[in-house]
Amino acid sequence: MLNLFNRLKNNKPLLFGLYGASGCLTAAILLGEPFLALTKLAKTSSVTPQAIVLLIDTSSSMSDGKLTEVKTAASKFIERRDLQKDQLAVVSFGLEIKTTTPLTNDANTLKNAIDTLSENGGTPMAEGINAAIGELQTTALNRNIILFTDGVPNDPNLAYNSALATRNTGVKLISVATGDADINYLTQITGDRSLVFYANSGQFDQAFRNAEAAIYKQLVESNSSENYSITYSVLRIGGWTAFLAMGISLALIMGQNRYMRLPLLTANKGIISTFGSLAAGMIAGATGQILFLPLSSIAVLEIIGRIAGWVILGALVGGGTKFFVPNLKLKNALLGGTIGGGIGASGFLITANIFGDVLGRLSGASMLGFFIGLMIAWIEQKQLQSQPYLLVNWAPTEQTTYLLGTKPILIGSSLNVEIPLNASDGFTPITAKIFKEGENIIMQFDQEYAAIKNMKKTSQDLKVGDTRKLGQITIEVKDKTLTANG
């Protein structure tokens, strides 16, 4: 891997991408996953027992695989319940109103009831709601109805009145909508837009999880079956993201240093970056988790909520690179990180869906780090194309480019320079610095070095095309805009 990085020294975007991916993956394996494992709460964590009626539309329109998906998702919902505390019932409405099973603690009875459902008839929603509330009359537990439907009821007014009467008795009514179901109407049915969840094909299980979160008033983490309080979940995911941010940031610093032929990481840069990136990651992860819950009621907005945290992370990591990539404009650093975070987040969600929790998170972390690093370096290269820059020739086939600006590019034998020289060749710790002053490019030699070389003039104006040889390296001022126009 190190040899691969060495061969990519002249391709900075790809170099940064690989460093970002390696850093994020390493942090995820060594810190992120152990942290999630250590902070995972047992299923015995205290939650209030609930009575839940699964009220399922079995009208003819539920054909084409919709009812099959509902049955699968409902069975998984049952498996996640602690039936030593909760009670569940299954009621269907279609050709007939049928209580497939009354409230019970028996998982097999519930699953068998789900398996017997078949689609036929119209959509008598009002009668289905009435049957569901009838089942809840016998329990002292907190009462809930999860209504799953794909269309408009036979009598919308009658269904609304039944729902209103149900809610007035203290029953929480939650709706999962699919197909042609009217979200606005179902909002009237539930009395709360945040209690309506829309699901396309393939999303029914997630819709049940969202309904589950609404019932238990918990923030459900990804595909986990555990229920966490919002505060705990925010701190937990924020901490996990903080470790990823630290991994990306430290890796990008090492990538930049390797690109500039410097020691991979000094103690000073390492300490500052560690604390700064941990704070940035905590902010990004916590913000993303806070946004997730209110947006999770709509599939598209739920995805936006999940991506938001990674976009924020990318922006913060990108902004941080301004401090170790000389003269990178803050707006460009933020833009590169934001784009990289967005692309990486999309890949993260895809891999998590395909590979599941742990493998999905690890592969997603690699993609996230890769695209954040890639886009930050790419945006830097775009900045190089619009202004004069410094080209350092280390060898005939090895070159490094530096952005020119008000921040001096330091040259010398110290560890704190951007262009390293050998002290054995007579170069002082800070031999010279190159910077822009207005439109002028200045090369200013250090007094100590100037005295050794008997230099009468320590400051020089550089023009595009000028070169300076220092030991084994050659420095040249370049401008791609002039090259393109010339």
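1. Here we look at the confidence of the model for the protein
Stage number 1. Per-chain confidence: the protein averages 85 in pLDDT, with 90% of residues scoring 70 or above.
Stage number 2. For residues 218-226, every residue scores under 50 in pLDDT, and the model assigns this stretch 38 contacts once sequence neighbours within four places are set aside.

2. A short note on the sheet that holds strand β6 (residues 196-198)
Stage number 1. Taken in spatial order, the 6 strands of this open sheet run β3-β2-β1-β4-β5-β6, and their pairing is mixed. At either end of the open sheet lies a strand with only one pairing partner, and these are β3 (97-104) and β6. Each neighbouring strand pair of the sheet contributes to a mean axis angle of 15 degrees, computed without reference to strand direction.
Stage number 2. Each of β1 (50-57), β4 (142-149), β5 (172-177) and β6 is contacted by helix α8 (residues 204-216), which is oriented at about 165 degrees to β5, the strand it contacts most.

3. Considering the environment of Y389
Stage number 1. Tracing the chain through its elements places Y389 in strand β7 (residues 389-395).
Stage number 2. C-alpha separation for the pair Y389 and E476, spaced 87 residues apart in sequence, amounts to 8.5 Å.
Stage number 3. Residues within four places of Y389 in sequence aside, it is in contact with L384, T401, Y402, L404, E476, V477, K478, D479 and K480.

4. Thoughts on the packing of helix α3 (residues 66-80) against helix α4 (residues 107-115)
Stage number 1. Taken N-terminus to C-terminus, the directions of α3 and α4 make an angle of 170 degrees; their axes are 10 Å apart at the nearest point. By the criterion of interaxial angle, the relationship of α3 to α4 is roughly antiparallel. Taken together, the residues of α4 that come into contact with α3 (itself represented by K71, A74, S75, I78 and E79) are A107, L110, K111, I114 and D115.
Stage number 2. Across the contact of α3 with α4, the residue classes tally to 5 nonpolar, 1 polar and 4 charged.

5. Looking at helix α7 (residues 183-190)
Stage number 1. Y185, L186, T187, I189 and T190 are the residues of α7 that are buried.
Stage number 2. As for α7, its buried residues are in contact with β4, α6 (156-168), β5 and β6.
Stage number 3. Regarding α7, its N-cap is D182, as a side-chain oxygen of that residue lies 3.0 Å from the backbone nitrogen of N184 further along.
Stage number 4. A positive backbone phi angle near 80 degrees is found at G191, which sits one or two residues after α7.

6. Considerations on a nonpolar patch on the surface
Stage number 1. There is a patch of nonpolar side chains on the surface, built from I350, I354, F355 and L359 and spanning about 420 Å² of accessible area.
Stage number 2. By residue number, the principal contributor to the nonpolar patch is helix α12 (residues 330-355), which donates 3 residues.
Stage number 3. Its place among the elements puts F355 in helix α12.

7. Some thoughts on the packing of aromatic side chains
Stage number 1. This structure, assessed with the given rule, holds 8 aromatic pairs.
Stage number 2. Their ring planes at 85 degrees and their centres at 5.3 Å tell us that F370 and F371 sit as a pair that is edge-to-face.
Stage number 3. A relative accessible area of 21% places F370 in the partly exposed class.
Stage number 4. Ring geometry for F445 and Y449: centres 6.0 Å apart, planes at 20 degrees, overall stacked. Like Y449, F445 is buried.
Stage number 5. Members of the aromatic cluster, connected to one another through ring pairs, are F77, F148, F204 and F208.

Quick notes on the rules
- The residue numbers shown here count from 1 along each chain, following its written sequence.
- Local features in this predicted model are restricted to residues of pLDDT 70 or higher, and side-chain atom pairs are both shown and tallied only at a pLDDT of 80 or more, whereas totals for entire chains, interfaces and linings draw on every residue.
- As a convention, hydrogens and water are excluded, and side-chain values are obtained from all of the structure's heavy atoms.
- The predictor attaches a confidence to each residue, and that confidence, scored 0 to 100, is pLDDT.
- We call two residues contacting when some pair of their heavy atoms lies within 4.5 Å.
- Pairs of strands are assigned from DSSP output, requiring at least two bridges between the strands.
- Strands here are runs of E lasting at least two residues and helices are runs of H or I lasting at least four, both read from the DSSP assignment and numbered beginning at the N terminus.
- Each axis is a line fitted through C-alpha atoms, and for a helix only the stretch in contact is used; angles between axes span 0 to 180 degrees, taken between their N-to-C directions.
- The labels follow the angle: roughly parallel below 35 degrees, roughly antiparallel above 145, roughly perpendicular from 65 to 115, and oblique for the rest.
- In this count, Pro and Cys sit with the nonpolar residues alongside Ala, Val, Leu, Ile, Met, Phe, Trp and Tyr, while Asp, Glu, Lys and Arg are called charged and the others, Gly among them, polar.
- A simple rule labels every residue: compare its accessible area, found with a 1.4 Å probe on the protein chains alone, to the largest value its type can have, and call it buried under 20%, exposed over 50%, or partly exposed in between.
- What qualifies as a polar contact is a pair of N or O atoms within 3.5 Å, subject to a donor-acceptor requirement within protein and to the restriction that residues adjacent in sequence count only when both atoms come from side chains.
- Candidates for patches are residues over 30% relative accessible area with no salt bridge; among them, like charges are joined within 9 Å and nonpolar side chains (Val, Leu, Ile, Met, Phe, Trp, Tyr) within 5 Å.
- All accessible areas in this document rest on Shrake-Rupley with a 1.4 Å probe, and a residue is counted as covered only by the protein chains that are shown.
- We define a salt bridge as a side-chain nitrogen of Lys or Arg found within 4 Å of a carboxyl oxygen belonging to Asp or Glu.
- Here is the rule: rings of Phe, Tyr and Trp (six-membered ring for Trp) pair when centre to centre is within 6.5 Å. Planes less than 30 degrees apart are stacked, more than 60 are edge-to-face, and the remainder are tilted.

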